[in-house]
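Chain residues, written in single-letter form:
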Amino acid sequence: MAYEMILAEIQGRVGVITLNRPKALNALCDQLMTELGEALRAYDADPAVGAIVVTGSEKAFAAGADIKEMKDRDFPAVYFDDFIGKRWEDVLRIQKPVIAAVAGFALGGGCELAMMCDLILAADNAKFGQPEINLGIIPGAGGSQRLTRAIGKSKAMEMILTARMMDAAEAERANLVARVVPVADLLPEALKMGEKIASLSAPSVAMAKEAVNAAFETTLTDGVRLERRLFHSLFATEDQKEGMAAFAEKRKPAFRHR
Ligand code: HXC
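It should be emphasised that the depicted structure is a prediction, and the values quoted were computed from it without experimental measurement.

Colleague: Help me out: how do you make sense of the sheet that holds strand S3 (residues 51-55) in this one?
Modeller: Backbone-to-backbone hydrogen bonds pair the strands of a sheet. The strands run either parallel or antiparallel. Ordered in space as S1-S2-S3-S5-S7-S10, the six strands form an open sheet in which the pairing is mixed. Only two strands of the sheet have a single neighbouring strand rather than two, namely strand S1 (6-11) and strand S10 (179-181). With strand direction ignored, the average angle separating the axes of adjacent strands in the sheet is 20 degrees. Looking at chain direction, strand S2 (residues 14-19) and S3 are connected through five bridges and run parallel. Across the sheet, the residue bridging to Val 16 is Val 53, located in S3. The strands that helix H1 (residues 30-45) touches are S1, S2, S3 and strand S5 (98-102); relative to S2, the one it contacts most, it runs at about 175 degrees.

Colleague: What should I look at first to understand the site of the ligand in this one?
Modeller: Close to the ligand lie 24 residues, the nearest being Lys 59, Ala 63, Ala 65, Lys 68 and Gly 109. One of the side-chain N or O atoms of Lys 59 is found 2.9 Å from an oxygen atom in the ligand. Taken by itself the ligand offers 1000 Å² of open surface, and the protein chains cover 66% of this. Breaking the shell around the ligand down by element, the ones donating at least two residues are helix H2 (67-70), strand S6 (105-107) and helix H5 (109-116). Split by residue class, the shell around the ligand holds 14 nonpolar, four polar and six charged.

Scoring rules and cut-offs
- Residues numbered from 1 in each chain as written.
- Predicted model: local features only at pLDDT ≥ 70, side-chain atom pairs only at ≥ 80, totals over all residues.
- Heavy atoms only, no water.
- Pairing = 2+ DSSP bridges.
- Helix = DSSP H or I, 4+ residues; strand = E, 2+ residues; numbered from the N terminus.
- Axes fitted to C-alpha atoms, helices over the stretch in contact; angles between N-to-C directions.
- Contact = heavy atoms within 4.5 Å.
- Near = heavy atom within 4 Å.
- Polar contact = N/O pair within 3.5 Å; in protein donor to acceptor, adjacent residues only side chain to side chain.
- Areas by Shrake-Rupley, 256 points an atom, 1.4 Å probe, with all protein chains shown as cover.
- Nonpolar A, V, L, I, M, F, W, Y, C, P; charged D, E, K, R; others polar.

Now the structure itself:
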(Lines give C-alpha, C1' and ligand atoms only; values in the text may rest on other atoms or scores of the structure.)
Protein backbone atom coordinates (compact mmCIF):
# COMPACT_ATOMS: atom_id res chain seq x y z
CA MET A 1 0.00 0.00 0.00
CA ALA A 2 1.08 3.60 -0.54
CA TYR A 3 1.92 5.37 2.69
CA GLU A 4 1.70 9.13 3.16
CA MET A 5 3.05 9.64 6.66
CA ILE A 6 5.71 6.98 6.93
CA LEU A 7 8.43 5.60 4.71
CA ALA A 8 8.91 1.85 4.62
CA GLU A 9 11.93 0.23 3.02
CA ILE A 10 13.74 -3.07 3.44
CA GLN A 11 17.51 -2.62 3.86
CA GLY A 12 19.34 -5.94 3.80
CA ARG A 13 17.13 -8.10 6.00
CA VAL A 14 15.85 -5.22 8.14
CA GLY A 15 12.49 -3.54 7.63
CA VAL A 16 12.97 0.18 8.25
CA ILE A 17 9.92 2.29 9.05
CA THR A 18 10.55 6.04 9.18
CA LEU A 19 7.91 8.28 10.72
CA ASN A 20 7.66 11.06 8.17
CA ARG A 21 5.50 14.04 9.10
CA PRO A 22 8.27 16.60 9.43
CA LYS A 23 6.05 19.68 9.58
CA ALA A 24 4.40 18.37 12.75
CA LEU A 25 7.55 16.83 14.28
CA ASN A 26 6.04 13.42 13.52
CA ALA A 27 3.00 14.01 15.72
CA LEU A 28 1.21 10.70 15.85
CA CYS A 29 -2.18 11.27 14.25
CA ASP A 30 -4.67 8.49 13.51
CA GLN A 31 -3.55 8.09 9.91
CA LEU A 32 0.11 7.82 10.86
CA MET A 33 -0.63 5.20 13.50
CA THR A 34 -2.80 3.22 11.06
CA GLU A 35 -0.01 3.27 8.48
CA LEU A 36 2.57 2.28 11.10
CA GLY A 37 0.42 -0.69 12.14
CA GLU A 38 0.06 -1.84 8.54
CA ALA A 39 3.78 -1.55 7.85
CA LEU A 40 4.67 -3.41 11.03
CA ARG A 41 2.29 -6.26 10.20
CA ALA A 42 3.56 -6.45 6.62
CA TYR A 43 7.19 -6.79 7.78
CA ASP A 44 6.23 -9.27 10.48
CA ALA A 45 4.68 -11.48 7.77
CA ASP A 46 7.55 -11.04 5.27
CA PRO A 47 10.14 -13.85 5.40
CA ALA A 48 12.72 -11.50 3.84
CA VAL A 49 12.66 -9.43 7.04
CA GLY A 50 14.30 -10.61 10.27
CA ALA A 51 14.07 -7.45 12.38
CA ILE A 52 12.32 -4.10 12.23
CA VAL A 53 13.61 -0.59 12.96
CA VAL A 54 11.22 2.26 13.73
CA THR A 55 12.82 5.68 13.50
CA GLY A 56 12.01 9.34 12.89
CA SER A 57 14.04 12.37 11.86
CA GLU A 58 17.12 13.93 13.45
CA LYS A 59 14.88 16.51 15.09
CA ALA A 60 12.08 14.27 16.28
CA PHE A 61 11.31 10.62 16.72
CA ALA A 62 7.79 11.85 17.53
CA ALA A 63 6.61 14.87 19.53
CA GLY A 64 3.59 12.96 20.84
CA ALA A 65 0.05 12.23 19.86
CA ASP A 66 -1.37 14.89 17.54
CA ILE A 67 -2.64 17.57 19.93
CA LYS A 68 -4.51 19.44 17.20
CA GLU A 69 -6.38 16.27 16.24
CA MET A 70 -7.16 15.44 19.89
CA LYS A 71 -8.14 18.83 21.21
CA ASP A 72 -11.85 18.84 20.35
CA ARG A 73 -12.56 15.21 21.16
CA ASP A 74 -14.97 14.60 24.01
CA PHE A 75 -15.34 11.63 26.31
CA PRO A 76 -17.66 9.50 24.11
CA ALA A 77 -15.41 10.15 21.11
CA VAL A 78 -12.28 8.85 22.78
CA TYR A 79 -14.11 6.11 24.68
CA PHE A 80 -16.08 4.60 21.81
CA ASP A 81 -13.19 5.02 19.39
CA ASP A 82 -11.08 3.07 21.94
CA PHE A 83 -8.55 5.85 21.45
CA ILE A 84 -5.07 4.36 21.86
CA GLY A 85 -6.18 0.72 22.11
CA LYS A 86 -7.45 0.59 18.53
CA ARG A 87 -4.40 1.95 16.72
CA TRP A 88 -1.53 2.28 19.14
CA GLU A 89 -0.85 -1.22 20.35
CA ASP A 90 -0.12 -2.99 17.05
CA VAL A 91 3.58 -2.91 17.85
CA LEU A 92 2.94 -5.10 20.90
CA ARG A 93 1.62 -7.87 18.65
CA ILE A 94 4.65 -8.10 16.36
CA GLN A 95 6.72 -11.28 16.76
CA LYS A 96 9.95 -10.00 15.20
CA PRO A 97 12.16 -7.71 17.27
CA VAL A 98 11.31 -4.04 16.87
CA ILE A 99 14.12 -1.56 17.55
CA ALA A 100 13.21 2.07 18.23
CA ALA A 101 16.02 4.27 16.88
CA VAL A 102 15.36 7.58 18.60
CA ALA A 103 16.90 10.96 17.71
CA GLY A 104 15.53 14.29 18.88
CA PHE A 105 12.22 14.53 20.69
CA ALA A 106 10.43 11.44 21.94
CA LEU A 107 7.63 13.06 23.90
CA GLY A 108 4.29 11.88 25.21
CA GLY A 109 2.97 9.25 22.83
CA GLY A 110 6.35 9.34 21.06
CA CYS A 111 8.12 8.21 24.22
CA GLU A 112 5.38 5.66 24.80
CA LEU A 113 5.69 4.30 21.27
CA ALA A 114 9.46 3.94 21.74
CA MET A 115 8.88 2.10 25.02
CA MET A 116 6.41 -0.28 23.33
CA CYS A 117 9.21 -1.35 20.98
CA ASP A 118 11.52 -4.12 22.20
CA LEU A 119 14.46 -1.85 22.81
CA ILE A 120 15.51 1.76 22.35
CA LEU A 121 18.73 2.83 20.69
CA ALA A 122 19.20 6.55 21.31
CA ALA A 123 21.11 9.26 19.47
CA ASP A 124 23.10 11.64 21.64
CA ASN A 125 20.57 14.41 20.90
CA ALA A 126 17.55 12.37 22.03
CA LYS A 127 15.16 13.90 24.54
CA PHE A 128 12.57 11.81 26.31
CA GLY A 129 9.57 13.18 28.15
CA GLN A 130 5.97 12.68 29.21
CA PRO A 131 4.70 16.28 29.10
CA GLU A 132 0.98 15.40 29.00
CA ILE A 133 0.45 17.08 32.38
CA ASN A 134 1.04 20.43 30.65
CA LEU A 135 -2.08 19.73 28.56
CA GLY A 136 -4.34 18.74 31.42
CA ILE A 137 -4.10 15.01 30.70
CA ILE A 138 -1.83 12.12 31.68
CA PRO A 139 0.07 9.57 29.60
CA GLY A 140 -2.43 7.31 27.86
CA ALA A 141 -0.40 4.79 25.89
CA GLY A 142 1.26 3.03 28.80
CA GLY A 143 3.73 5.74 29.84
CA SER A 144 2.85 5.72 33.52
CA GLN A 145 3.46 1.97 33.60
CA ARG A 146 6.34 1.35 31.19
CA LEU A 147 8.37 4.41 32.19
CA THR A 148 8.01 3.50 35.87
CA ARG A 149 9.13 -0.08 35.25
CA ALA A 150 12.06 1.14 33.16
CA ILE A 151 13.44 3.95 35.33
CA GLY A 152 11.80 3.51 38.75
CA LYS A 153 9.21 5.43 40.71
CA SER A 154 10.93 8.69 41.67
CA LYS A 155 12.27 9.53 38.23
CA ALA A 156 9.02 8.49 36.54
CA MET A 157 6.97 10.54 39.01
CA GLU A 158 9.19 13.56 38.45
CA MET A 159 8.95 13.32 34.67
CA ILE A 160 5.20 12.68 34.60
CA LEU A 161 4.29 15.23 37.29
CA THR A 162 6.57 18.05 36.12
CA ALA A 163 7.00 17.30 32.38
CA ARG A 164 10.78 17.45 32.75
CA MET A 165 12.62 16.02 29.75
CA MET A 166 15.49 13.59 30.08
CA ASP A 167 18.48 13.80 27.76
CA ALA A 168 20.18 10.80 26.20
CA ALA A 169 22.94 10.51 28.79
CA GLU A 170 20.44 10.48 31.65
CA ALA A 171 18.22 8.05 29.76
CA GLU A 172 21.16 5.66 29.46
CA ARG A 173 22.04 6.01 33.14
CA ALA A 174 18.40 5.38 34.04
CA ASN A 175 18.22 2.24 31.84
CA LEU A 176 15.54 3.66 29.55
CA VAL A 177 17.74 2.97 26.51
CA ALA A 178 20.10 0.18 25.53
CA ARG A 179 22.82 2.45 24.22
CA VAL A 180 23.59 6.01 23.07
CA VAL A 181 25.39 6.67 19.80
CA PRO A 182 26.30 9.85 17.89
CA VAL A 183 23.29 11.04 15.93
CA ALA A 184 24.99 10.40 12.59
CA ASP A 185 25.54 6.76 13.57
CA LEU A 186 21.99 6.10 14.76
CA LEU A 187 20.53 4.43 11.67
CA PRO A 188 23.74 2.55 10.75
CA GLU A 189 23.98 1.19 14.31
CA ALA A 190 20.29 0.23 14.35
CA LEU A 191 20.72 -1.51 11.00
CA LYS A 192 23.81 -3.33 12.25
CA MET A 193 21.86 -4.55 15.27
CA GLY A 194 18.92 -5.53 13.07
CA GLU A 195 21.19 -7.44 10.64
CA LYS A 196 22.81 -9.33 13.50
CA ILE A 197 19.39 -10.36 14.81
CA ALA A 198 18.17 -11.22 11.31
CA SER A 199 21.18 -13.51 10.76
CA LEU A 200 20.17 -15.70 13.70
CA SER A 201 17.57 -18.42 13.94
CA ALA A 202 14.13 -16.82 13.68
CA PRO A 203 12.39 -19.16 16.16
CA SER A 204 15.01 -18.55 18.83
CA VAL A 205 14.88 -14.80 18.22
CA ALA A 206 11.08 -14.68 18.48
CA MET A 207 11.06 -16.85 21.59
CA ALA A 208 13.85 -14.84 23.24
CA LYS A 209 11.76 -11.71 22.70
CA GLU A 210 8.65 -13.45 24.03
CA ALA A 211 10.52 -14.64 27.12
CA VAL A 212 12.01 -11.23 27.97
CA ASN A 213 8.69 -9.48 27.44
CA ALA A 214 7.04 -12.01 29.77
CA ALA A 215 9.22 -10.62 32.57
CA PHE A 216 6.94 -7.56 32.55
CA GLU A 217 3.72 -9.55 32.73
CA THR A 218 4.29 -12.50 35.06
CA THR A 219 5.65 -13.65 38.39
CA LEU A 220 9.23 -14.96 38.49
CA THR A 221 8.01 -18.55 38.81
CA ASP A 222 5.63 -18.28 35.85
CA GLY A 223 8.21 -16.41 33.77
CA VAL A 224 10.87 -19.03 34.41
CA ARG A 225 8.36 -21.78 33.58
CA LEU A 226 7.52 -20.09 30.28
CA GLU A 227 11.23 -19.68 29.51
CA ARG A 228 11.84 -23.37 30.16
CA ARG A 229 8.98 -24.48 27.90
CA LEU A 230 10.20 -22.19 25.11
CA PHE A 231 13.75 -23.44 25.66
CA HIS A 232 12.56 -27.06 25.40
CA SER A 233 10.55 -26.32 22.26
CA LEU A 234 13.59 -24.96 20.44
CA PHE A 235 15.06 -28.48 20.56
CA ALA A 236 12.36 -29.36 18.01
CA THR A 237 13.88 -26.97 15.45
CA GLU A 238 16.38 -27.72 12.69
CA ASP A 239 18.23 -24.56 13.64
CA GLN A 240 19.08 -25.89 17.10
CA LYS A 241 20.62 -28.98 15.51
CA GLU A 242 22.50 -26.82 13.02
CA GLY A 243 23.66 -24.27 15.59
CA MET A 244 25.10 -26.87 17.91
CA ALA A 245 26.55 -29.05 15.12
CA ALA A 246 28.27 -25.98 13.66
CA PHE A 247 29.86 -25.20 17.01
CA ALA A 248 31.13 -28.77 17.40
CA GLU A 249 32.47 -28.77 13.81
CA LYS A 250 34.11 -25.33 14.24
CA ARG A 251 32.16 -23.72 11.39
CA LYS A 252 29.56 -20.99 11.02
CA PRO A 253 25.94 -22.14 11.36
CA ALA A 254 23.75 -21.99 8.28
CA PHE A 255 20.39 -21.36 9.89
CA ARG A 256 17.35 -22.34 7.89
CA HIS A 257 15.08 -20.38 10.21
CA ARG A 258 13.02 -23.46 10.95
C1 HXC B 1 0.54 18.42 16.97
C2 HXC B 1 2.64 19.29 16.98
C3 HXC B 1 3.00 18.49 18.08
C4 HXC B 1 2.00 17.60 18.59
C5 HXC B 1 4.70 19.68 17.55
N6 HXC B 1 3.74 20.01 16.68
N7 HXC B 1 4.28 18.77 18.41
N8 HXC B 1 1.43 19.25 16.44
N9 HXC B 1 0.81 17.62 18.01
N10 HXC B 1 2.26 16.78 19.62
C11 HXC B 1 3.79 20.98 15.59
C12 HXC B 1 3.75 22.41 16.08
O13 HXC B 1 2.42 22.79 16.32
C14 HXC B 1 4.37 23.14 14.93
O15 HXC B 1 3.43 23.27 13.90
C16 HXC B 1 5.43 22.16 14.44
O17 HXC B 1 5.04 20.88 14.93
C18 HXC B 1 6.81 22.49 14.98
O19 HXC B 1 6.73 22.56 16.39
P20 HXC B 1 7.31 23.80 17.23
O21 HXC B 1 6.61 23.80 18.54
O22 HXC B 1 7.24 25.06 16.43
O23 HXC B 1 8.83 23.34 17.39
P24 HXC B 1 9.85 23.69 18.57
O25 HXC B 1 9.70 25.13 18.96
O26 HXC B 1 11.15 23.18 18.10
O27 HXC B 1 9.35 22.85 19.83
C28 HXC B 1 9.43 21.46 19.79
C29 HXC B 1 8.59 20.83 20.93
C30 HXC B 1 7.14 21.41 20.88
C31 HXC B 1 9.25 21.17 22.29
C32 HXC B 1 8.62 19.32 20.74
O33 HXC B 1 6.64 21.26 19.55
C34 HXC B 1 6.20 20.74 21.80
O35 HXC B 1 6.19 20.99 23.01
N36 HXC B 1 5.32 19.88 21.25
C37 HXC B 1 4.28 19.21 22.01
C38 HXC B 1 4.88 18.10 22.86
C39 HXC B 1 3.81 17.41 23.67
O40 HXC B 1 3.10 18.04 24.49
N41 HXC B 1 3.64 16.11 23.45
C42 HXC B 1 2.62 15.31 24.16
C43 HXC B 1 1.36 15.32 23.37
S44 HXC B 1 0.08 14.50 24.23
P45 HXC B 1 3.01 24.72 13.29
O46 HXC B 1 2.00 24.38 12.25
O47 HXC B 1 2.50 25.50 14.43
O48 HXC B 1 4.31 25.25 12.76
C49 HXC B 1 0.34 12.89 23.98
C50 HXC B 1 -0.68 12.02 24.61
C51 HXC B 1 -0.32 10.59 24.40
O52 HXC B 1 1.26 12.46 23.34
C53 HXC B 1 -1.42 9.74 24.85
C54 HXC B 1 -1.51 8.47 24.08
C55 HXC B 1 -1.94 8.63 22.69
